[in-house]
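Next come the chains, spelled out residue by residue.
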Amino acid sequence: MITRHHLIPITALCLVFTACTPKQSSVRQESLLTQWQFAQLDEQNNPIGAYQYVSVPHDWAISGPFDRNNDLQKVVVVQNGEQEATWKTGRSGGLPWMGKGHYHTRIAVDTTRWNTLVFDGAMSHANVYINGEEVCYWPYGYNTFDCYILPQLLTGDSVDIDVYLENKPQQSRWYPGAGLYRNVHLISTNKIHVPTFGVLVRTPEVNEECATVTLAVELQDGVDAIQADEAGIEIVTDILCDGNTVATINGANGEARVLQPKLWSPETPNLYIARTRVYVRAEFGEEPDELLDEVNTRFGIRSISYTPEHGFQLNGQTRKFKGVCNHHDLGPLGAAIHKDALRHQIAMLQEMGCDAIRTSHNMPAPELVELCDEMGMMMMIEPFDVWNWGKTENDYNKEFNDWWQRDITNMVKNYRNNACVMLWSSGNEVWNQVLPDGIQIVTDLQALFHELDPTRPVTNGMDQAMHVIHNGFGAAVELPGFNYRTGRYIEGYENLPQKMILGSETASTVSSRGVYKTPAILKDFAMYDDFQSSGYDLEYCPWSGLPEQDFQLQDDYPWTLGQFVWTGFDYLGEPSPYDTDAWPSHSSYFGIIDLASLPKDRYWLYRSQWKTQSPTLHLLPHWNWQEGDLVPVFCYTSYPSAELFVNGKSQGKLRHATAEECVQLKAGEIIEGVSRMPKVGEFVVPEWGSQPCPELLPRYRLMWFDVPYEAGEIKVVAYDADGNPAAEQVIRTAGEPYKLKAIWANKDENPDELCYITLRVEDKDGNLCPNANNLIRCECKGFVATANGDAASLDSFVEPQMHAFAGQCTFIIRRGTQATFTAEGLQPATIKVK
């Protein structure tokens, strides 16, 4: 522990918490503990430098600086087929997240009440002390846990709270963040109360006319579980919709029927509230029906099923997941959670047509699940990247045997009431899938999942398809999930008893926004001197593939359940293909949207297939090249055909190939009016990998490969099914950088605090300058963070300046402020975010 003389005088930091008396209408109060003192610690637990005031959620590492040595690892990545140890650079973001930290605060408490601390997540190995006494230890940094401020620890009307954290070397293979990066809650109740996760709501029978709602409520008297009837307690739960009571359940366990229920779906995210009130019966209380506790539990009414005959059904309607995988960091904000940032991510994904998120590979923040409920985004929640066989030296494998039951229990209890959760995952690419103990472990995990929640299936992201199809592991997984391995889907379907396969992790195409490499050919692990990947969306890693391979499987085979693309957003760490001695790359290239929340071209490829209710037309690349260049031009569109023009001259009209025509293309045939296949470069395909499938691309994108460059403009005209012009897009050659333009990107989302401002470098005519890399400065009292999407950029996220990358970057500022953006030699831009 830390001696008190190191701390700032606590009177300046005291939080006043005033609890209501039991007779008032609000018998349960919750407050966020946001103001803390913080210092990093050395190995002897002495503070490194002075304590600082910080606001929680807080990520101590995101301010940097970036450094190759921060997370340098010499390892063998067995999952990727590596045989020898190599130096991995930037593997977890190149930020200083390892080490120890100490958070301290003092709060006022009502000593007549029962007080509980709830931590949404603390990274990591959290030791919690109350007035100097250890009350809780929780090693896994992603999970929610609670602890009581026991009466015997109270010496007055305030308490000192100390939280000690430690991130160990090689604890993570991506950026985990550091510190109290999620919210800390203080909950004050009566001694008899509903504990954390103490209400369970289910909807076992659902149709358009009627739904059955069942309820189970736990009670505690202090730390002891009690039964309501034995303690003279009455429990009444009202089911509310839009503020109106539609049903009532009496007792700790019961059910009610809701007529004409408003069903939850991504298209109609209707939600209900179960308002549970706990009373003392008249003969036991000082007054009749004394209210002891009140808990509101939000839920949705919907049905889910998974069958070989109908696939995945939501409310009786078959659909396939159009999902993405996301890591938990928020780009330049780091791991520190913020609801506005999460809302912005979900809104961007929904505009692309995405309807599901996989929380890879850890428990999500509660705010993410709440927003998915509200906004209509389905979820696969996944707790683990490893079991008892590790991928890095100090990852969760050290904790698994002792902690997996507690971690799964807290996770499932936390989120089993949320309508958006469609399924659980028991793990990601765990090496136990090929080990003798794998079948028993996955069976034990699934049994616990179903003990806690029998209403949802459990999948597992399996990457060793060649083994799990035949060794019994795949058969033991309730809902088989394949990570990549598109060439093994049919084999899996034919041999596994479930007769269903979920694309639990797909694609892993790599690209850099606005960067285009010529010639445009299929490549794996392509690397260039500028540390970028081509924006033509033709490059991927040996274990992965292109979007079209997954589109084809989902379109042509009814037994596929949908997919979760790796990844929706770029994230800190795992900079493949620049992951081996390739500093300064330190963030991913996999994202459909980059680290600055700016879409890559691939965004519109997915939108053309997923956003079926709204047409898509997107043209690439930029039109700033050298005279004489032969430039590949691609069009991602939901229209059946389109025609390309260069300065008014037609370059030909192309249509999407049919599935049958793709077979002909593979056989070497040339089909008039259909794009030719891209050329294929050298590939290193392991036996468990995916063969390149260039014949599939003309089915999903239109491609003119050798367009002679002429300065001016390119235009694409899309035609509807009747051959009529329906839409067009123009890209013009940009002149010299002349001015900055600021755009409030998340204005329509009405953020509470954080505003995402896109900065563009434009010429006099307002054309984006695609090669501009000007240093842009922000003058704003409400500056929060900045990023440009360049995976190799070492610019700080927390300094109010950033180089443009491919002509753009993003600044995040607080609402209610004005910002002026300047760059040498360019006209400035000013924006007010009211």
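What counts as what
- Residues numbered from 1 in each chain as written.
- Predicted model: local features only at pLDDT ≥ 70, side-chain atom pairs only at ≥ 80, totals over all residues.
- Heavy atoms only, no water.
- Helix = DSSP H or I, 4+ residues; strand = E, 2+ residues; numbered from the N terminus.
- Rg over C-alpha atoms; globule rule 2.2 N^0.38 Å.
- Buried < 20%, exposed > 50% of the residue type's maximum accessible area, 1.4 Å probe, protein only.
- Contact = heavy atoms within 4.5 Å.
- Areas by Shrake-Rupley, 256 points an atom, 1.4 Å probe, with all protein chains shown as cover.
- Salt bridge = Lys/Arg side-chain N within 4 Å of Asp/Glu carboxyl O.
- Phe/Tyr/Trp six-rings, centres within 6.5 Å; stacked < 30°, edge-to-face > 60°.

1. Overview of the overall build of the protein
For the protein, the count of helices and strands is 11 helices and 51 strands. Against the 2.2 N^0.38 benchmark of 28 Å for 834 residues, the protein shows a C-alpha radius of gyration of 28 Å, consistent with a compact globule. For the protein, the spread of C-alpha atoms along the principal axes amounts to about 90 × 60 × 55 Å. Residue burial in the protein is summarised as follows: out of 834 residues, 61% are buried. Within the protein, contacts between residues at least 6 apart in sequence are counted, and of these 69% link residues at least 24 apart. Surface exposure of the protein reaches about 31100 Å², of which carbon and sulfur atoms provide 47%.

2. Comments concerning the pattern of salt bridges
One pass over the full model with this rule turns up 37 salt bridges. A salt bridge links Arg106 to Asp160; its shortest N-O distance comes to 2.9 Å. Of this pair, Arg106 sits in strand β6 (residues 99–108) while Asp160 sits in strand β11 (residues 158–167), and the two are 54 residues apart along the sequence. Judged by relative accessible area, Asp160 falls into the buried class, the value being 12%. The closest approach of N and O atoms between Glu548 and Arg701, which form a salt bridge, is 2.6 Å. Of this pair, Glu548 sits in helix α8 (residues 547–556) while Arg701 is found in the loop between α11 (697–700) and β41 (702–708), placing the two residues 153 residues apart along the sequence. Since its relative accessible area comes to 0%, Glu548 is described here as buried. For Arg701, a relative accessible area of 0% corresponds to the buried category. Via salt bridges that share partners, Arg173, Asp385, Lys391 and Glu574 belong to a single interconnected network.

3. Comments concerning the side chain of His344
Inspection of the secondary structure puts His344 in helix α1 (residues 339–352). Setting aside anything within four residues of it in sequence, one finds His344 in contact with Ser597, Ala745, Asn746, Glu749 and Tyr756.

4. Side note on helix α2 (residues 366–375)
By the criterion of burial, α2 is predominantly enclosed, with 7 of the 10 residues buried. Where the residues of α2 are buried, they touch β22 (290–299), α1, β27 (356–359), β28 (378–381), α3 (400–415) and β29 (421–428). Gly376 sits one or two residues past α2 and shows a positive phi near 85°.

5. As for the packing of aromatic side chains
Counting across every chain of the model gives 42 aromatic pairs. Considering the side-chain rings of Phe38 and Trp60, the 5.5 Å spacing of their centres and the 25° angle between planes classify their relative orientation as stacked. Within this pair, whereas Phe38 is found in strand β2 (residues 35–41), its partner Trp60 is found in the loop between β3 (52–55) and β4 (73–75), the two being separated by 22 residues in sequence. By relative accessible area, Phe38 is classed as buried at 7%. Seen in terms of ring centroids, Phe66 and Phe797 are 5.4 Å apart; in terms of plane orientation they differ by 85°. Their pairing is edge-to-face. With Phe66 in the loop between β3 and β4 and Phe797 in the loop between β47 (783–787) and β48 (801–803), the pair connects residues that are 731 residues apart, well separated along the chain. Using a relative accessible area of 13% as the deciding quantity, one classes Phe66 as buried. A relative accessible area of 6% places Phe797 in the buried class.

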